[in-house]
Structure formats: C-alpha cells, structure tokens
Amino acid sequence: MPATVPIAVPPPPSAASEFELIRRHFSRPCAHTTLAGGDDAALLQPRAGMQLAVSTDMLVAGTHFFADTDPAGLGWKALAVNVSDLAAMGAAPRWALLSLALPAADEAWIAAFADGFYACAARYGVDLAGGDTTRGPLNLSVTIIGEVPPARAVTRGGGRPGDDLWVSGQPGLAALGLAMLRGQFRPDRDGERCLDALHRPQPRVELGLALRGVASAMLDVSDGLLGDLGHILEQSRCGAIVELDRLPVAALLATGADPLLAQRCLLRGGDDYELLFSAPPAERTTLAGLSQRLALPLTRIGCLTEPGSLLLRHADGRLEPAAAAGYDHFA
Ligand SMILES: [Mg+2]
C-alpha cells in the first residue's frame, strides 16, 4: 500500500474546514517513503552509502510573489526553487516537507496549488513526505531532502583561476516576465515564454548530476547572475572576467527587449534557476556533448581569475569593474 502524506491537521473548527480540504488535496501516494501518514514523523530510507543533502526555502506573499499569483504556478515554483538548490549541489532530490500558512479556506486555490506542487514532484521524482498547516498570512515553506554520494557534491568553493565560467539555459527570461507583470516591458513576441520562465522554472537536476566531477564550483542563479557569481568568487577565493559579447542574449532580444534591458535582465535578473558553474578548460568537449545530450544550451561566458575583482569585458576589449557598471550587489 502506498503511504499518504501526514500534513499535521489541527482539529477541524467545523465540518469541511480548510484543514479537511488540505488533507483532501495533499494525500497523494509516495513512491519511496517508508512511513508517511498518520504518524508523528515520516521515515525516510536513504539508499545505501548516500549522503543526505538538505535545503529549505520560504516564499512570502508580497515579498517573493504577488498574492494573486496563479496557485498552480505557485505550487510548482515553491517546490522547484528547492529542487534547484539540490541540483546546484549535484544531488538528486527525493523528499520534500511542505509548511503552509493560509489566510482562508478556498478549495479551488488549494486544489490548484496542490496540482502544481505535485506536477513538479512527479517531474523530479520527489515524495511529499510530510508538512504542517496553519491559518495566517499566505506563506509557503518547503524543505527538500536529496541524496549524493559522499565527496561528490559540487560546492561553491572549488573554483580555480583559469577555470571557464558557464551558465545553463536562458538566464534573463524570468526577469523579462517580471518586468511584464510590473508593466515595465511589453514584448513583441514570446511573452508567454517569459512568464513561463518566471512561474514555472525548470530546475536543472539532470545537468547538476552530470556535472559531478566536471564542474569545480556551482550554484543556481536565484538572485541574479552577477550577484550569485559573487558567492562563487568569495567561496573559491577567485576573481572573474565576464565576456559581455559571449552572453546568450539572442532569445531575450527576440522578445523585442532592447540590448541594454536584455543585458541587465541576464546579468542581474533573479528567479532564473539556471546553473552557473566553473570547469577547467579541459572539460569543454565533455560539456559540448552534455549540452547536446540534454538538449540544453550551455554557454561559456568568461573565466575565473586570480583573486581580485569581478570584471566585465566589453566587445572592444575594454575591462570594467562590474560595480562601476552599476552591478554592485555582488560585493
Ligand atoms: Mg541556491
């Protein structure tokens, strides 16, 4: 018998309360959880010899998303941003815990949120193994647990001067989507693609697993490419040069965004959940093959240097400190 999900449920204040609704919508079967449902704790069985990788992330209405955001997209994203953190370590996601604060019972909202959450869980092989609910301002907290063989996780601290810098997929699309929602940008085309990138990020789990032993340092881009690159530089004790004319802006320009907006969204926009990583130049052939196998663009955008600053190289060869170009939040 498949186990069901033990989201803790306080005594219902009335028949068919919101908690009953939650129980109804968050009790889908688990694939690899030993005991989940009806007990005080879930029992998780890691595969033999595996290390557990754990991360947690909170999403607050008004801070991380608009309160009127499509609930299915929110359900997907609440889990996806956590899955992305494990991808960034080269770990395989396995279990999630979900804590929800909800202002009111709204069955349509809860059902749509659950559908989005479970769609992401199914896509990435994650069991919802437990959680908690309470009444309060809309607030979602997910804890993700995954597995990685000992000493195989990719950290932020292994980069070396001379390593190439790579980014996956299309960073900047989600920022264009956010600019659309704020009424700051009206695309000529591909607007749906921008909104989809914002609402339904695709964590790069397969890539993260394939980069074990290939990438020297890695993280997922959640706060903006240059800002997050700063974390790699700090942990790896390196500087970096980012080549502006190597940035993958074509898809951003195709929306009708002007070159300056496209570049700013790519370098500074958050919410992309692409992987940013360093790798020795000897891995270029491997990475080209990997890009083909996963049908996922991997773009070499620069290199790590001796400890120093983060520099942007313009097409004419001119070097400019990122901070001087207005990209200062990495500092
Ligand atoms: Mg992260």
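Residues numbered from 1 in each chain as written. Predicted model: local features only at pLDDT ≥ 70, side-chain atom pairs only at ≥ 80, totals over all residues. Heavy atoms only, no water.

### Regarding the overall build of the protein
In step 1: A count of helices and strands for the protein gives 10 helices and 14 strands.
In step 2: Against the 2.2 N^0.38 benchmark of 20 Å for 331 residues, the protein shows a C-alpha radius of gyration of 21 Å, consistent with a compact globule.
In step 3: Projected onto its principal axes, the C-alpha positions of the protein cover 70 × 50 × 35 Å.
In step 4: Taking all 331 residues of the protein together, 52% fall into the buried category.
In step 5: A fraction of 84% describes how many contacts in the protein between residues 6 or more apart in sequence connect residues 24 or more apart. (Helix = DSSP H or I, 4+ residues; strand = E, 2+ residues; numbered from the N terminus. Rg over C-alpha atoms; globule rule 2.2 N^0.38 Å. Buried < 20%, exposed > 50% of the residue type's maximum accessible area, 1.4 Å probe, protein only. Contact = heavy atoms within 4.5 Å.)

### Notes on the confidence of the model for the protein
In step 1: Here the protein averages 90 in pLDDT, and 91% of its residues register 70 or above.
In step 2: This model gives residues 10-15 a pLDDT under 50, and the stretch forms five contacts once residues within four places in sequence are excluded. (pLDDT = per-residue confidence, 0-100.)

### Comments concerning the coordination of the magnesium ion
In step 1: Here the magnesium ion is held by the protein donor atoms Asp85 (OD) and Asp220 (OD), which lie 2.1 Å from it. Separated by 135 residues along the polypeptide, Asp85 in helix α2 (residues 71-87) and Asp220 in strand β9 (residues 217-220) bring together distant segments of the chain. (Donors = N, O, S within 2.8 Å, 3.2 Å for Na, K, Ca; no water.)

### Points about the side chain of Glu274
In step 1: Mapped onto the elements of the fold, Glu274 is located in the loop between α9 (259-268) and β11 (275-279).
In step 2: Not counting chain neighbours up to four residues away, the residues in contact with Glu274 comprise Val167, Ser168, Gly169, Gln170, Pro171, Arg204, Leu219, Asp220 and Val221.

### So, the sheet that holds strand β13 (residues 310-313)
In step 1: Taken in spatial order, the seven strands make up an open sheet running β9-β11-β8-β12-β10-β13-β14, and their pairing is mixed. Two strands in the sheet have a free side with no partner beyond their single neighbour: β9 and β14 (319-321). Within the sheet, the average angular offset between the axes of one strand and its neighbour, ignoring direction, is 25°.
In step 2: Across four bridges, the pairing between strand β8 (residues 164-168) and β11 is antiparallel. Directly across from Trp166, in β11, lies its bridge partner Phe277. (Pairing = 2+ DSSP bridges. Axes fitted to C-alpha atoms, helices over the stretch in contact; angles between N-to-C directions.)

### With respect to the packing of α2 against helix α3 (residues 107-124)
The angle between the axes and the distance between the axes are what describe a pair of packed helices.
In step 1: Where α2 meets α3, the axes come as close as 6 Å, and the angle between the chain directions of the two elements is 35°. For the pair α2 and α3, the sense of crossing is right-handed. In this structure, α2 uses Pro71, Ala72, Leu74, Gly75, Trp76, Ala78, Leu79, Ala80 and Val83 to contact α3, whose residues at the interface are Trp109, Ala112, Phe113, Gly116, Phe117, Ala119, Cys120, Ala121, Arg123 and Tyr124.
In step 2: Partitioned by chemical class, the residues of the contact of α2 with α3 number 16 nonpolar, two polar and one charged. (Left-handed = near helix turned anticlockwise from the far one by under 90°. Nonpolar A, V, L, I, M, F, W, Y, C, P; charged D, E, K, R; others polar.)

### Side note on the packing of aromatic side chains
In step 1: All told, the structure shown has seven aromatic pairs when counted by the stated rule.
In step 2: Cluster of aromatic residues (ring-pair linked, three or more members): Phe26, Trp109, Phe113, Phe117 and Tyr118.
In step 3: Seen from the ring of Tyr124, Arg123 lies directly overhead, with NZ or CZ sitting 4.3 Å from the centre. (Phe/Tyr/Trp six-rings, centres within 6.5 Å; stacked < 30°, edge-to-face > 60°. Lys NZ or Arg CZ within 6 Å of the ring centre and 35° of its normal.)

### Considerations on the state of the cysteines
A covalent bond between the sulfur atoms of two cysteines is referred to as a disulfide.
In step 1: Applying the stated rule across the entire model yields zero disulfides.
In step 2: Just so you know, Cys120 is unpaired, no disulfide at all, and the nearest cysteine sulfur is the one on Cys30, 15 Å from it.
In step 3: With relative accessibility at 0%, the residue Cys120 sits in the buried group.
In step 4: Cys265 provides the cysteine sulfur closest to Cys194, a residue in no disulfide bond, and the two sulfurs are 8.6 Å apart. (Disulfide = S-S within 2.5 Å.)

### Some remarks on the pairing of strand β10 (residues 239-243)
In step 1: Of all five residues in β10, five are buried; the element is thus mostly enclosed.
In step 2: Judged by which residues are buried, β10 turns out to be covered on both faces: Gly239, Ile241 and Glu243 on one side and Ala240 and Val242 on the other are all buried.
In step 3: Looking at chain direction, β10 and strand β12 (residues 298-305) are connected through four bridges and run antiparallel. Residue pairing in the sheet places Val242 in a bridge with Gly302 of β12.
In step 4: Here four bridges tie β10 to β13, and the two strands are oriented parallel to one another. Paired with Ile241 across the two strands is Leu311, which belongs to β13.

### Side note on α3
In step 1: Along its 18 residues, α3 runs 26 Å from first to last C-alpha, staying within 8% of the 26 Å computed at 1.5 Å per residue.
In step 2: Those residues of α3 that sit buried are Trp109, Ile110, Ala111, Ala112, Phe113, Ala114, Gly116, Phe117, Tyr118, Cys120, Ala121 and Tyr124. (Expected span 1.5 Å × (residues − 1).)

### As for helix α10 (residues 284-294)
In step 1: Along α10, the positions that sit buried rather than exposed are Leu287, Leu290 and Ser291. Seen end-on, α10 carries its buried residues on one side only, within an arc spanning 100°. Opposite the packed face of α10, turned more than 90 degrees from it, sit the exposed residues Thr285, Gln292 and Arg293.
In step 2: Remark: Ala295 follows α10 within two positions and exhibits a positive phi of approximately 50°. (Arc of directions from axis to C-beta.)

### What about the pattern of salt bridges?
Where charged atoms of side chains with opposite charge meet at close range, the side chains can pair.
In step 1: Scanning the entire structure with this criterion turns up 10 salt bridges.
In step 2: The partner of Glu147 in a salt bridge is Arg47, and the shortest N-O contact between them spans 2.7 Å. Of this pair, Glu147 sits in strand β7 (residues 139-148) while Arg47 sits in the loop between β3 (43-44) and β4 (51-60), and the two are 100 residues apart along the sequence.
In step 3: For the salt bridge of Asp316 with Arg318, the shortest nitrogen-to-oxygen distance reads 3.8 Å.
In step 4: When salt bridges that share partners are traced, they join Arg47, Arg94 and Glu147 into one network. (Salt bridge = Lys/Arg side-chain N within 4 Å of Asp/Glu carboxyl O.)

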